[in-house]
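# Inside the fold
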Amino acid sequence: MSGTMGRMYIGTSGLQAHQNAINTTAHNLTNLNTEGYSRQQVLLADVGYQKLGYTPIGINQTGLGTRVEATRTTRDKYLDQKYRLQYGRQNFYETKAGVILEVQEYFGETEGSTFQDYMKNLWSAIQDVQRETNDYVDRTALVATASSFADRANEIYAQLVNYQKNLNTEIQDMTDDINKLAKEIYELNERILRCEGGKLEAANDYKDARNLKLDELSGLISIDVKEQPNGTVHVYAEGHALVLDDRTFEIATKPVKDGSDLLTVYWKTDEMDVFNLKRISVDGDNSDNGSLKGMLSARGDFTPDYTDIPLRENYATEADYQSALLNYNKTLNNRDIANLISQFDQLIHGMVTKINDVLCPNKTITDVNGNTYTVLDTDRAGKGYGEGNEVQGTELFVRKSQDRYREETLTVLDENGQPTTKTFKVYNEENPDDYYSLYTLGQIKINDDLVKNPALLPLTKISGEEFQDVANELLELWKKDFATLDPNTFVTNNFDNYYASMVGDYANKGYTYKGIADKQAGLVNEVNNQRQEVVGVFSDEELTNLIKYQHAYNASSRYITVVSEMIEHIIERLGS
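Described below are features of the structure shown in this document. (Residues numbered from 1 in each chain as written. Predicted model: local features only at pLDDT ≥ 70, side-chain atom pairs only at ≥ 80, totals over all residues. Heavy atoms only, no water.)

## Here's the deal with the pattern of salt bridges
Applying the stated criterion across every chain yields a total of 22 salt bridges. Note that Lys96 is salt-bridged to Asp336, the shortest N-O span being 2.8 Å. With a gap of 240 residues between them, Lys96 in helix H2 (residues 77-104) and Asp336 in helix H8 (residues 336-359) connect regions that are remote in the sequence. The partner of Lys509 in a salt bridge is Asp336, with the nearest N and O atoms 3.9 Å apart. Pair noted here: Lys509 is in helix H11 (residues 495-535) and Asp336 is in helix H8, with a separation of 173 residues, a long-range link. Residues Lys509 and Asp336 agree in their burial class; the two are buried. Via salt bridges that share partners, Asp80, Arg84, Asp215 and Arg531 belong to a single interconnected network. (Salt bridge = Lys/Arg side-chain N within 4 Å of Asp/Glu carboxyl O. Helix = DSSP H or I, 4+ residues; strand = E, 2+ residues; numbered from the N terminus. Buried < 20%, exposed > 50% of the residue type's maximum accessible area, 1.4 Å probe, protein only.)

## Describing the environment of Ala125
Within the secondary structure, Ala125 is located in helix H3 (residues 115-131). Assessed through its relative accessible area of 6%, Ala125 is described here as buried. Taking the C-alpha atoms as reference, Ala125 lies 102 Å from Leu64; in sequence the two are 61 residues apart. Leaving out residues up to four positions away in the same chain, Ala125 has contacts with Ala141, Leu142 and Thr145. (Contact = heavy atoms within 4.5 Å.)

## Some remarks on the pairing of strand E5 (residues 223-227)
Sheet topology places E5 next to strand E6 (residues 233-237); five bridges connect them, and they run antiparallel. Across the sheet, residue Glu227 finds its bridge partner in E6, namely Val233. The hairpin formed by E5 and E6 contains five residues between the paired strands, and Gly231 there has a positive phi angle of roughly 95 degrees. (Pairing = 2+ DSSP bridges.)

Structure below.
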């Protein structure tokens, strides 16, 4: 009798198991369009078998029912890892491309008036003066045009510098998002651990939520996910622990260095920098990954000037130059905004100083003690036009904080080799270590003396005649090559070609980054489609399963009915 009654459990176990399967299938259908949801599967297994004896062909045994072995999600860890890698690279290049697109607008290349128009206007004003150097109207027009040129150059520079600083807000927001996601992943780890601690229930929905957070995190920073035997995950960001079983490791921002307006990202626990931006150009190390690194890479670590571009003639040995070039390639060449600032400053510095050097030519002298000085060459310099304006050494562009010359009385040897004392206009040299001594963006402006009196332009000979040689030399500046755009190349450019190359090279970077980002987007979509084939819920398949489990449930119910009728029949027969 006990064996007969025990058959009821077989049917009951079937009801319970297939009811669970029906519930799981219904759960899949309910979450058909839920982002990040992974299809769940119910694995059924036999409870066991009761051995009744042996037959000539095998063991005679009877089943004891069915049970739910597990309710699992269908995920492919390899595809998850691949998706996160490609998604991080996509965000890296999308971020850099977006930065370049915004910065391009500052030069007006997409609008009606470009900075190159200001360069052309300056050349045209010099051309007009060259035709009649003593004409007061043309001189006035040249000063006004040069003033507009300097103002526009400084305006673009200020916009670039402010944009650099404004990116701090986005960097801080990304940092906060990473810390928030890390905390949420840690909390989901705890929920999963509590849920699965008794081995009675699977925390599949929590794991789906966690995977969604991990996907989002991978777009911000390069991560490595290690799944633990207890169901939790350890997350490492840029090779450093971010989420462990017992804690999270926060990142924070601080100035790149004392006095800097730019922020960098570091680990609060050990104060180490999160990123090594010098490795971004190295292939195969996943260094081009995550929008936060892309933002830092596009911005740069400092606001440079023309002195940060190494010139071979400024170094005593080839080894010194190659060392400076290596440092440039590591710290500036891949920093899109910073590199553009340095290139633009090199153009403006070149134009300003060469124009000034024509108007106020210098020469080198040696005093009786062997000391050398750079002084105004009074034999080659022109003078202002008109009575009271016959002065030399009036430059067109000035430094805000330092005059071009200082007067010094020096003892030199005359033509006969005899000591003589003279007063010279000694040139105040530019010092790379002193920002205020440089003809650099933010420090240059038009000469106020010329604004008040354009007749002071040194384009006149001592006799009052037009100094045509000076005007011709000013005009020739536009034809001469003055610098390479990049120290890694050997192509030198004149002013117009340099600007065109600078803008074109910057735009090409944007196209390149966008091209890589678009390619990555395609890879991300492809990998995600592969993931969906594994984790996605397909209504037709789930409806088929639902019908299958309903039939199985009905079969178990019918089985219980038959056993119940059999027991009832036995009891009635025994009672009679």
